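Summary of the model geometry
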Amino acid sequence: MKRLLVHAAAGLALSATLFAAGAASGGELKVLAPPDGAVLASSKVTLIGGGSTGDLEVTLNGRKVAGIKQVGRAFTGPLELVEGANVLLVKSGPESRQSTFEYRAKDAGAAAYRYHDPVKDGECKACHPQGVGRTSPVTEAKLCNSCHDPKTGFKRLHGPLGAGQCSICHDPHGSAFPAFLVTGTRALCVQCHAQSRSQTHIEKSGNKQCPECHNPHGSEKQFLLK
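Residues numbered from 1 in each chain as written. Predicted model: local features only at pLDDT ≥ 70, side-chain atom pairs only at ≥ 80, totals over all residues. Heavy atoms only, no water.

Quick look at the overall build of the protein chain
What counts is decided by this rule: Each helix is a run of H or I in the DSSP string that is no shorter than four residues. Each strand is a run of E no shorter than two, and both are numbered from the N terminus. Note on exposure labels: buried denotes an accessible area under 20% of the residue type's maximum, exposed denotes more than 50%, and partly exposed covers the range between, all computed with a 1.4 Å probe on protein chains only. Contact between two residues is taken to exist if any of their heavy atoms lie within 4.5 Å; hydrogens are not considered. Residue-level accessible areas treat just the shown protein chains as cover; the underlying method is Shrake-Rupley with a 1.4 Å probe.
Of the regular secondary structure elements, the protein chain holds 6 helices and 14 strands. Taken over 226 residues, the protein chain has a buried fraction of 35%. Within the protein chain, residue pairs in contact and separated by at least 24 positions form 59% of the contacts whose partners lie at least 6 positions apart. Looking at the protein chain as shown, the accessible area adds up to about 12,900 Å², and 56% of this sits on carbon and sulfur atoms.

Pasting the structure below:
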């Protein structure tokens, strides 16, 4: 039997938060993509959000955006960006959210936000077969594994993978980080590995990134060492 390395309550709480955001259901008004502060290499992008509780109004650079579809609390639609900074304002009932992102026609660089392929191709139903704003009828792991390598062939599995919760570490809509990580590698790891022993180890590791020594999915060795 595989030995699962299960995270503490903090990791599970983070899982619930990210999965709820990925499903764009319930909660407060939020914009999931493109995220605030993103750099984009394309002028035509997809807006994805959730938490709408009333009539929805979306403006981009002061102009109302047409074609936004709302299903329950979730909403999605096309945005046409201008070169340079773009200001998005989303209003629903008493709530509003403003975000700013930049479109660079040239030299967007490695930091450019990239959409997950189904989103980029407009195939929302690949992950939301019952419609945008609805969670998948299958488990998160089974859904992801229909396209991606399960990476479960290890004696020891990393806690999120063992729990079948990919979205703790990977954003299902898009990311500016490698492998669609939700944030930078070290910042991501310390969100769960915040114990004093882990902090001391990280400080002693200098500028090394955690995956240089630890496999983020699983390992045959203790501490998921490579």
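Brief notes about the sheet that holds strand β3 (residues 39-40)
Convention followed: When DSSP finds two or more bridges between a pair of strands, those strands are recorded as paired.
The strand order across the open sheet formed by 5 strands is β3-β10-β9-β5-β6, and the pairing between neighbours is mixed. Edge positions in the open sheet fall to β3 and β6 (63-64), since each of these has one partner strand only.

Some details on the pattern of salt bridges
Put simply, the rule reads: Salt bridge, as used here, is a side-chain nitrogen of Lys or Arg placed within 4 Å of a carboxyl oxygen of Asp or Glu.
If you walk through the whole model with that rule in mind, you get 4 salt bridges. Across the pair R97 and E95 runs a salt bridge whose closest N-O atoms are separated by 3.3 Å. Residue classification places E95 among the partly exposed residues on the basis of a relative accessible area of 22%. K120 is the salt-bridge partner of D117, the closest N and O atoms lying 3.3 Å from each other. Separated by 3 residues within a single helix, D117 and K120 lie in helix α2 (residues 117-120), roughly one turn from each other. Exposure remark for D117: the relative accessible area of 43% places this residue in the partly exposed category. Among the ionic contacts, a cluster of salt bridges with common partners joins E28, E95 and R97.

A closer look at the confidence of the model for the protein chain
Do not read the predicted coordinates in detail wherever pLDDT is low. Heads up, the rule is: In predicted models, pLDDT denotes the confidence assigned by the predictor to each residue on a 0 to 100 scale.
Of the residues in the protein chain, 88% reach a pLDDT of 70 or more, and the chain-wide mean stands at 87. Across the protein chain, the element-wise mean pLDDT spans from 38 in helix α1 (residues 9-23) up to 98 in β6. Contacts from residues 1-26, a stretch scored under 50 in pLDDT, to residues over four places away or in other chains number 54 contacts.

Let's talk about the sheet that holds strand β8 (residues 74-80)
The criterion, for reference: Every axis in this analysis is a line fitted to C-alpha atoms, fitted for helices over the stretch in contact. Angles between the N-to-C directions lie between 0 and 180 degrees.
Here we have 4 strands laid out as an open sheet, ordered β2-β4-β8-β7, and antiparallel in their pairing. Two strands close off the open sheet at either side, each with one partner strand: β2 (30-33) and β7 (69-71). For this sheet the average axis-to-axis angle between neighbouring strands, irrespective of direction, equals 25°. Where β7 and β8 come together, 3 bridges link them in antiparallel fashion. Across the sheet, V71 pairs through a bridge with A74, a residue of β8.

Focus: the environment of G84
Looking at where G84 falls in the secondary structure, it is placed in strand β9 (residues 84-92). Relative accessible area serves as the criterion here: at 18%, G84 is assigned to the buried category. Taking the C-alpha atoms as reference, G84 lies 8.6 Å from A105; in sequence the two are 21 residues apart. Aside from chain neighbours lying at most four places away, what touches G84 is F101, E102 and Y103.

A word on the nonpolar core
Put simply, the test is: We call a set of buried Ala, Val, Leu, Ile, Met, Phe, Trp, Tyr and Cys residues a nonpolar core when their side-chain atoms join them within 4.5 Å.
Formed by 21 residues in total, the largest nonpolar core has its most connected members in L40, L79, L81, L88, F101 and Y115. Of all the elements in the fold, those that place two or more residues in this core are β2, β4 (44-50), β5 (56-60), β8, β9 and β10 (95-103). Per element, the largest residue contribution to this core is 3 residues, and it comes from β4.

Here we look at the packing of aromatic side chains
Basically, it comes down to this: Stacked, tilted and edge-to-face pairs are distinguished by plane angle, under 30 degrees for stacked and over 60 for edge-to-face with tilted covering the rest, among Phe, Tyr and Trp rings (Trp via its six-membered ring) whose centres lie within 6.5 Å. Only when the NZ of Lys or the CZ of Arg is both within 6 Å of the ring centre and within 35 degrees of the ring normal is a charge said to sit over the ring.
In the structure shown here, the tally under the stated rule is 1 aromatic pair. For the cation-ring pair, R114 lies above F180, with the distance from its terminal atom to the ring centre recorded as 4.9 Å.

A look at the pairing of β9
Pairing analysis gives 5 bridges linking β5 to β9, with the strands arranged antiparallel. The residue of β9 that forms the bridge with V58 is V90. In the sheet, β9 pairs with β10 via 9 bridges, with the strands oriented antiparallel. Note on β10: the bridge partner recorded for N86 is F101.

What to know about the environment of N145
Mapped onto the elements of the fold, N145 is located in helix α3 (residues 140-145). The exposure class of N145 is partly exposed, given its relative accessible area of 30%. The spatial distance from the C-alpha of N145 to the C-alpha of G164 is 9.8 Å, given a sequence separation of 19 residues.

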